[in-house]
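So the chains spell out like this:
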Amino acid sequence: MAAGFFRKEALEKLSTPEKLDQLIKVTSPKGWIALFTIALALGTGITWSVVGNVKTKLNVVGVLLGGEIHEVVATSQGQLIDLNVQIGEDVKEGDVIATIEQPELLQQIEEVKASLVEREYDLNRLLSFGNQDARLQEELIQQQRTSIELEILTENKNLGFLSTQLETEEGLLKQGLITKSQLINTKQQIDASKNAIERLKSQLVQTSSQKLNIGFDLQQKIDINKQRIAETERRLEHLEERYDIQTNIRSSYTGEVVEVLTEAGIVVGQGTTLFKLKNEHDIVTDGKLRGVLYIPSSDGKKIKEGMEALVVPSTVQPQEYGFMKGKVTYVSEFPITQKGMMLTVKNDQLVSGLLSMGALFEVYVEFEEDQDTFSGFKWTSAQGPDIEINEGTSCMGKITVKKEPPLAIVVPALKKFFDLY
């Protein structure tokens, strides 16, 4: 009964309890493998905690920009008659892209043109009839001179006769044949004749002066008319230049139209933005796509040039394709203002949305290029998405601001050992 109840191996073990000649089996090979695995994992963890790095990253938002965005504005106030641009159209510097009506300026030009025609008519009339009038005046003056010269000749003859008469009367007075009053009367006539001759000579000199003044006065009138015509022409030229500037709006930049902000028929003011265009050549990055990111002021000073940045456009799923790799190339010294953001982003709605987070620092990120990817940029995934990355797209990303060993995170006192502060 008892023998059938116990196993044979157990009965043999009980019958020979001391087997000193046999080795004792402490553990199995599976145990050793498990122990080695645990030790390896523990050693790897300790080594990584000392020599490894844990990255501290800041979340950022912003926009992708390629060419510089410029605003073309109206240079005058008035009704927009025509706007000769469309989205996607290429515009060159100096092209006439819009026309603004300027009725008041046009009326001034017409008035000045009428005044110019009138003054040119007066000059032509003066040139045509002035010489003829001058000839008539010269002939009249010559007749006056001839008449005066005859009067002088007559007075000289009369003076000679009176002088002879005076000598005769002086002889008769000595003889007592005439009275002294007759002699005095003759002397008075001689003096009157001399005065008449001097007056006639003075008139003769005046006629010579008048003859000289005729040509001078005519030339002076011609010169005055020419000066007035020249002034009118300069004023007309100035008004026409002003009319051309205020009527024909020209682009100050070369680029591609990306947004049209008004249409024909609208009354615009001076400085009103008509459209926006992108210039791919007039920027510091030579037309390369870059990220313009904005960081809250509390974290802005943590970012330095050269830090690693990972950015993903809003059109790409980061869970599937990862992030674009880049480096920080610029960090603003102070929080950027709304005006400063508008100069960069050129979109008031986007600026308002970003500023809702408070004061922001501006950060530029330049992306690493990779010709083997469809987008032309290096991604954290193998190839990135098969889509083109365009400027003007909003984006989000992460900037690595600190790297430290994991052990220093677990034990803050070790940060001093690793010279982290």
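See the structure above.
Right, let's walk through the structure included here. In this text, all values refer to a predicted model and were calculated from it rather than measured experimentally.

Looking at the overall build of the protein
Thought 1: For the protein, the helix and strand inventory stands at eleven helices and 14 strands.
Thought 2: For the protein, with 421 residues in total, the buried portion stands at 32%.
Thought 3: Within the protein, contacts between residues separated by at least 24 positions form 77% of all contacts whose residues are at least 6 apart in sequence.
Thought 4: Summing over all exposed atoms, the protein offers an accessible surface of approximately 27,700 Å²; the carbon and sulfur share of this is 54%.

Topic: the pattern of salt bridges
Thought 1: All told, the structure shown has two salt bridges when counted by the stated rule.
Thought 2: One salt bridge in this structure joins Asp244 and Arg250, with 3.1 Å as the shortest N-O distance.
Thought 3: Between Lys378 and Glu368 there is a salt bridge, with the nearest N and O atoms lying 3.6 Å from each other. Residue Lys378 is located in the loop between strand 13 (360-367) and strand 14 (394-404), and its partner Glu368 is located in the loop between strand 13 and strand 14; the two are separated by ten residues in the primary sequence.
Thought 4: Overall, Glu368 belongs to the partly exposed group, its relative accessible area being 29%.

A word on the packing of aromatic side chains
Thought 1: With the rule as written, the count across this model stands at two aromatic pairs.
Thought 2: Judged by centre distance (5.0 Å) and plane angle (50°), the rings of Tyr330 and Tyr364 are tilted. With Tyr330 in strand 12 (residues 324-331) and Tyr364 in strand 13, the pair connects residues that are 34 residues apart, well separated along the chain.
Thought 3: Look at Phe367 and Phe377: their rings are 6.0 Å apart centre to centre, the planes differ by 70°, and that puts the pair in the edge-to-face class. One end of the pair, Phe367, is in strand 13; the other, Phe377, is in the loop between strand 13 and strand 14, with ten residues separating them in the sequence.
Thought 4: Over the ring of Tyr364 we find Arg290; its NZ or CZ atom is 4.6 Å from the centre of that ring.

A word on the sheet that holds strand 8 (residues 267-268)
Thought 1: Spatially, the four strands line up as an open sheet ordered 6-5-3-8, and their pairing is antiparallel. Both outer strands of the open sheet, strand 6 (248-250) and strand 8, are each paired with one neighbouring strand and no more.
Thought 2: Relative to strand 5 (residues 96-100), strand 3 (residues 78-83) is paired through three bridges, and the arrangement is antiparallel. Bridge pairing in strand 5 links Leu80 to Ile100.

Section: the side chain of Thr373
Thought 1: Here Thr373 lies in the loop between strand 13 and strand 14.
Thought 2: A distance of 2.8 Å separates a polar side-chain atom of Thr373 from the backbone oxygen of Phe377.

Comments concerning the pairing of strand 11 (residues 308-313)
Thought 1: Of all six residues in strand 11, five are buried; the element is thus mostly enclosed.
Thought 2: Sheet analysis places strand 11 next to strand 12, joined by four bridges and oriented antiparallel. Residue pairing across strands places Val311 opposite Met324, the latter belonging to strand 12.

Notes on the pairing of strand 3
Thought 1: Where strand 3 and strand 8 come together, two bridges link them in antiparallel fashion. When the sheet's bridge partners are listed, Gln79 is paired in strand 8 with Val267.

Considerations on the nonpolar core
Thought 1: Judged by nonpolar contacts, the single largest core of 26 residues is most densely connected at Leu293, Ile303, Val328, Val363 and Ile399.
Thought 2: Of all the secondary structure elements, the ones that give two or more residues to this core are strand 1 (54-65), strand 10 (290-296), strand 11, strand 12, strand 13 and strand 14.
Thought 3: Once residues within four sequence positions are removed from consideration, Leu293 is found in contact with Val60, Val61, Gly62, Val311, Phe361, Glu362, Val363, Val365, Cys395 and Ile399.
Thought 4: Counting residues in each nonpolar core, the second largest holds 15 residues, with Val72, Ala98, Ile100 and Val257 among its members.

Points about the environment of Leu172
Thought 1: Looking at the secondary structure, you find Leu172 in helix 4 (residues 103-175).
Thought 2: Distance in space between the C-alpha atoms of Leu172 and Leu183 is 9.5 Å, their sequence separation being eleven residues.
Thought 3: When neighbours within four sequence positions are excluded, Leu172 is seen to be in contact with Leu177 and Ile178.

Focus on the environment of Pro335
Thought 1: Within the fold, Pro335 resides in the loop between strand 12 and helix 8 (338-345).
Thought 2: When the C-alpha atoms of Pro335 and Tyr294 are compared, they prove to be 9.5 Å apart, with 41 residues separating the residues in sequence.
Thought 3: Dropping the residues within four chain positions of it, Pro335 is found in contact with Ala359, Leu360 and Phe361.

What to know about the environment of Gln77
Thought 1: Topologically, Gln77 is positioned in the loop between strand 2 (68-73) and strand 3.
Thought 2: Owing to a relative accessible area of 59%, Gln77 belongs among the exposed residues under this scheme.
Thought 3: For the pair Gln77 and Thr272, spaced 195 residues apart in sequence, the C-alpha separation works out to 8.7 Å.

What counts and how
- Residues numbered from 1 in each chain as written.
- Predicted model: local features only at pLDDT ≥ 70, side-chain atom pairs only at ≥ 80, totals over all residues.
- Heavy atoms only, no water.
- Helix = DSSP H or I, 4+ residues; strand = E, 2+ residues; numbered from the N terminus.
- Buried < 20%, exposed > 50% of the residue type's maximum accessible area, 1.4 Å probe, protein only.
- Contact = heavy atoms within 4.5 Å.
- Areas by Shrake-Rupley, 256 points an atom, 1.4 Å probe, with all protein chains shown as cover.
- Salt bridge = Lys/Arg side-chain N within 4 Å of Asp/Glu carboxyl O.
- Phe/Tyr/Trp six-rings, centres within 6.5 Å; stacked < 30°, edge-to-face > 60°.
- Lys NZ or Arg CZ within 6 Å of the ring centre and 35° of its normal.
- Pairing = 2+ DSSP bridges.
- Polar contact = N/O pair within 3.5 Å; in protein donor to acceptor, adjacent residues only side chain to side chain.
- Core = buried A, V, L, I, M, F, W, Y, C linked by side-chain atoms within 4.5 Å.

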